[in-house]
Amino acid sequence: MTMRTIIWKEMKERPTALIASLLAIILSVTALVAIRNVTIFSEQEVAGKLDELGANVLILPEGVTLQDYYAADMHKETIPEEHVAELALAGLTGVEAITPKLCVPTKLDDRNVILTGILPQSEIQKMNAWSGGGMLFKKHEGCKAKINVADENLDAPDSLAERRALQHLNQSEVLLGSDFAASKGLKEGDQLQLLGETFEVLSVLPSTGTVDDSRVFAHLHTVQRLSGTGPVVNIIEVMGCCEDVANGLVGELQSLLPGTKVVTIANVVETQVSINRMMTNLSYLFLAILVAVGGASMASASFANVIERRREIGTLMALGATPRFVTQLFLAKAALLGLAGGISGYVLGSLIAVFLGPVFASVAVFPVPSLAIVASTVAVLVTLAASYFPARQASRLDPCLCFKEV
Amino acid sequence: MKSHTFLKLFKNNGIRLLAAGTLLVSMSNVSPAQNTPRVASLSKAEASRASAAEQNKYTFIMFWKDQDTTTKSMWSTLQQNLSDKNTASVVAVNTGDPQERKIVEQYGVSRAPMPLTLAVAPNGAVTGSYVKQINADYIQQAFVSPAKSRCMLNLQNRRMVLLCVNASNSTGIPNGVQNFQSMPCYKNAVEVITVSQSEPTERDFLNELRVPDSQNSSVIFMAPPGVMVGKFNNSVTSQQLIAELKKAGKSCGVEGCKHCK
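For every chain, the first residue of the written sequence is number 1, and numbering continues from 1 along that sequence. Working convention: letters from A go to chains and numbers from 1 go to ligands, in the order in which they are written. Local features in this predicted model are restricted to residues of pLDDT 70 or higher, and side-chain atom pairs are both shown and tallied only at a pLDDT of 80 or more, whereas totals for entire chains, interfaces and linings draw on every residue. For side-chain calculations, the full set of non-hydrogen atoms in the structure is used, while hydrogens and water are omitted.

> Outline the packing of aromatic side chains, listing residues and values.
Residue and element names in this part refer to chain B. Two rings belonging to Phe, Tyr or Trp (six-membered ring only in the last case) form a pair when the distance between their centres is within 6.5 Å. Interplanar angles under 30 degrees mark stacking, angles over 60 mark edge-to-face geometry, and anything in between is tilted. This structure, assessed with the given rule, holds nine aromatic pairs over all chains. Measuring from ring centre to ring centre gives 5.6 Å for tyrosine 130 and tyrosine 138, while their planes differ by 15 degrees; the resulting arrangement is stacked. Summary of the burial criterion: residues with accessible area below 20% of their type's maximum are buried, those above 50% are exposed, and those between are partly exposed, where the area comes from a 1.4 Å probe applied to protein chains only. What makes tyrosine 130 buried here is its relative accessible area of 10%. For tyrosine 138, a relative accessible area of 34% translates into the label partly exposed.

> Explain the nonpolar core to me, using residue names and the numbers behind them.
A general tendency of soluble globular proteins is for nonpolar side chains to be buried together. By nonpolar core we mean a set of buried residues, namely Ala, Val, Leu, Ile, Met, Phe, Trp, Tyr and Cys, connected to one another through side-chain atoms within 4.5 Å. Ile59, Leu87, Leu192 and Ile236 of chain A together with Phe63, Tyr107 and Val109 of chain B are the most contacted members of the largest nonpolar core, which totals 57 residues. Apart from the residues within four sequence positions on either side, tyrosine 107 of chain B is in contact with Lys126, Met127 and Trp130 of chain A together with Arg49, Ile61, Phe63, Leu118, Val120 and Val126 of chain B. Val33, Ile40, Ala299 and Ala386 of chain A belong to the second-largest nonpolar core, a separate cluster that totals 26 residues. Should any heavy atoms of two residues lie within 4.5 Å, those residues are considered in contact.

> Could you give an account of the environment of alanine 332 of chain A, naming the residues involved and the relevant values?
All names here are of chain A. Here a helix means four or more residues in a row that DSSP labels H or I, a strand means two or more in a row labelled E, and each is numbered from the N terminus. As for its placement among the helices and strands, alanine 332 is situated in helix H11 (residues 323–360). A relative accessible area of 25% places alanine 332 in the partly exposed class. The spatial distance from the C-alpha of alanine 332 to the C-alpha of leucine 384 is 8.3 Å, given a sequence separation of 52 residues. Excluding residues that lie within four positions of it along the chain, alanine 332 makes contacts with Met3 and Ile7.

> For the packing of helix H1 (residues 3–13) of chain A against H11 of chain A, give the residues involved together with the corresponding values.
Residues and elements named next belong to chain A. With their axes 10 Å apart at the nearest point, H1 and H11 run at an angle of 55 degrees to one another. By the angle between their axes, H1 is oblique relative to H11. Here H1 and H11 pass one another in a crossing that is right-handed. Each of Met3, Ile6, Ile7, Glu10 and Met11 in H1 lies in contact with H11, whose residues at this interface are Phe325, Gln328, Leu329, Ala332, Lys333 and Leu336. Polar here means any residue other than Ala, Val, Leu, Ile, Met, Phe, Trp, Tyr, Cys and Pro, which are nonpolar, and Asp, Glu, Lys and Arg, which are charged; Gly is therefore polar. Residue composition of the contact of H1 with H11, grouped by class: eight nonpolar, one polar and two charged. As a rule, the C-alpha atoms of each element are fitted with a line to give its axis, helices using only the stretch in contact, and angles between N-to-C directions run from 0 to 180 degrees. Under this scheme an angle from 65 to 115 degrees is roughly perpendicular, one under 35 degrees roughly parallel, and one over 145 degrees roughly antiparallel; angles in between are oblique. The handedness criterion is simple: a crossing whose near helix is rotated anticlockwise from the far helix by less than a right angle is left-handed, and one whose near helix is rotated clockwise is right-handed.

> Got a sec to walk through the sheet that holds strand S1 (residues 58–64) of chain B? Specific residues and values, please.
Residues and elements named next belong to chain B. What the four strands build is an open sheet, ordered S2-S1-S3-S4; its pairing is mixed. Every other strand in the sheet has two partners, leaving strand S2 (88–94) and strand S4 (126–131) as the edge strands with one partner each. Ignoring which end each strand starts from, the neighbouring axes of this sheet average 15 degrees apart. When DSSP locates at least two bridges between a pair of strands, those strands are taken to pair. Here five bridges tie S1 to strand S3 (residues 116–120), and the two strands are oriented antiparallel to one another.

> Break down helix H10 (residues 310–318) of chain A for me, with residues and values.
Within H10 of chain A, burial applies to Ile313, Gly314 and Met317 of chain A. Along the axis of H10 of chain A, the buried residues cluster in a sector spanning 100 degrees; they form a single face. Note: the arc covers the axis-to-C-beta directions of the helix.

> Could you give an account of the side chain of histidine 83 of chain A, naming the residues involved and the relevant values?
Position of histidine 83 of chain A relative to the elements: it lies in helix H3 (residues 82–90). Here a polar contact is recorded for every N or O atom pair within 3.5 Å, except that within protein the pair must consist of a potential hydrogen donor and a potential acceptor, and residues adjacent in sequence are included only if both atoms are side-chain atoms. Within polar-contact distance, the side chain of histidine 83 of chain A engages the side chain of glutamate 86 of chain A at 3.2 Å.

> Quick rundown of the pattern of salt bridges? Include the residues and the values.
All names here are of chain A. Only one rule defines a salt bridge in this text: a Lys or Arg side-chain nitrogen within 4 Å of an Asp or Glu carboxyl oxygen. Tallied over the full model, the rule gives ten salt bridges over all chains. The partner of aspartate 109 in a salt bridge is lysine 184, with the nearest N and O atoms 3.8 Å apart. Placement of the pair is aspartate 109 in the loop between strand S3 (95–108) and strand S4 (111–118) and lysine 184 in helix H6 (residues 178–184), with a sequence separation of 75 residues. For lysine 184, a relative accessible area of 25% gives the class partly exposed.

> So what's going on with helix H7 (residues 175–182) of chain B? Residues and values would help.
Residue and element names in this part refer to chain B. For H7, the complete set of buried residues consists of Gly176, Val177 and Phe180. Across the axial projection of H7, the buried residues extend over an arc of 100 degrees, all falling on one side. Exposed residues on H7 whose side chains face more than 90 degrees from its buried face are Asn175 and Ser182.

> Explain unusual backbone geometry to me, using residue names and the numbers behind them.
Residues and elements named next belong to chain B. Proline 115 follows methionine 114 through a cis peptide bond whose omega is -5 degrees. Along the chain, proline 115 turns up in the loop between helix H4 (101–107) and S3. A positive phi angle, near 65 degrees, is found at lysine 132, a position not held by glycine. Mapped onto the secondary structure, lysine 132 falls in the loop between S4 and helix H5 (136–141). Despite not being glycine, arginine 158 shows a phi value in the positive range, around 60 degrees. Considering the arrangement of structural elements, one finds arginine 158 in the loop between helix H6 (146–156) and strand S5 (160–166). Arginine 158 sits in the buried class, given a relative accessible area of 13%.

> Break down the pairing of S1 of chain B for me, citing the residues and quoting the values.
Residue and element names in this part refer to chain B. In terms of burial, S1 is largely enclosed, as seven of its seven residues are buried. Side chains Tyr58, Phe60, Met62 and Trp64 project from S1 onto one buried face, and the interleaved Thr59, Ile61 and Phe63 project onto a second face that is buried too. Here S1 runs beside S2; their pairing, made up of seven bridges, is parallel. Within S2, the position partnered with phenylalanine 60 by the bridge is valine 90. In this fold, S1 hands off to helix H3 (residues 69–82), which returns the chain to S2; that crossover is right-handed. Call a crossover right-handed when, viewed with both strands pointing away from you, the route from the first strand across the helix to the second goes clockwise.

> Describe the confidence of the model for chain B, and please don't skip the residues or the numbers.
Residue and element names in this part refer to chain B. pLDDT measures how confident the predictor is about each residue, on a scale from 0 to 100. On average, residues of chain B carry a pLDDT of 79, and 77% of them reach 70 or more. Here helix H1 (residues 2–41) is the element of chain B with the lowest mean pLDDT, 47, and S1 is the one with the highest, 94. Here residues 17–39 is modelled with pLDDT under 50, and outside its nearest four sequence neighbours on either side it reaches five contacts, counting other chains as well. Note on residues 251–261: pLDDT under 50 across the span, and 29 contacts to partners over four residues away in sequence or across chains.

In structure tokens form, the structure reads like this:
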């Protein structure tokens, strides 16, 4: 009878003990893998957002709570459009672009659509240039040197998707999000009717993977007139130079526009980062639980196993099995359980992360193969450590005493 | 005899005489016809600004919505500080007045906080903007030198400026600047302005730019909205200017200046 046969028979004869031990390991590994998996993709999402957006500042009505950066303008609270001119005239150093937005839900052929009013940069830069963008004739430092030469590349309508700001837009023109244009079969030069007015499609924006893809963008003043809201906006997006945002631009904005809430993308990301940090800590907690519960459960099962199998151990040793063989027998069984628990836990944890990640953390999650190695290694190490003392106890059993008990 | 001479003259120069006659008639008829509607279409504020520009004076345009205390106070400060000056005229514009709609749209101030005063130089550059409050110092700062107002106007029109500061013994534009300006992709985006270092009216402006007070000429490179791209001596090359411009165009999230890539 080989070691493999003995282990197999042992597990087959006592399935309840086996399942109990395995379950403790599987559950702990599942939680560990699921949380770690979501954390990894959440961190990637944050890094991607930062890379994509640079340093942005959002100016919101005071009572608005920011849930989603891209849908930050989707609320009914408003602030006066006057703030846009105040910002432009203040000529704060580091403000590269100011984009006010007003969102109005409407319908086009029974399809709900968000009509977003935006103000072209040409109308804001005019005022901003009076003060030289706050840096008139000053020597530039770092990224404060954002220059604004008339440029057909940067002035193209597509720049709204890339830079979240648009240079020119007539009052009778609209820009379409890629999804909306595709669903309606609209293209550049086509006409459409919104809120009783006919607009010409200036351009179809490239896909961004955000809510902007399903929106229609028109001139802010047209949207205000058609919706009857008056000169108000839901949000003012400020493209701020990263260095300046870090060096007090937010404070200057807050003192310039009292009664508004100034949120930086760093704040937005801070929320996500704190969630990630919490999830990382949670994964460490589950690692500790895996060690404590899984280990304790395994140790207890192994001790019970040794006590229950005293006769069999004694017989094996009487037949010539060395203490080393007995130790290896118990440790091999533990390693097998650890490996099975680790792999099962990885599969289950990955499935949970893939299905529940988008729901709870709003990020697309995919299985991370490297986690399988980590999970299995941790599970095997924990079970080996937990079974070491019972195995040593078993190897020290005296076969004579065992037979005496019989 | 006389009629014969006229006939001969007409025969030899008939086409020229006809062309000259047509030109004279058209000038006498068309000129007033073109001027009349142009002057007539100007609003009070526009006419005031045009007249001030003709006289090489600044125009302080105060845009207002309500006759509240802030508006009254701003108007009174403007009157006190500018009424006795021959260098400026003051005009108030009610943004709700349909006749002034054109000037309100021109400056894009219909949604701006009011009252708002703009100081407009004779060349059209806005040399000062004041929201809700103004004082004597602010008013004084709005008067800038001719070279500075030219620089400001170009920067406000999103054009780059190469300011050539010539030492007393030199004139002209450095070769590097000329080469830069002649490049097809830059020629419409840059304005070359020359100024003499010894010009007393430009002293403050040159000090503001920290132009070294030396015997050598220098070149100051500025880009909109008001970025100092760099200062160079007169041996600067077009390649150096391009390199500095590209460096200055680098910013957050943007792969540098895409202009002339």
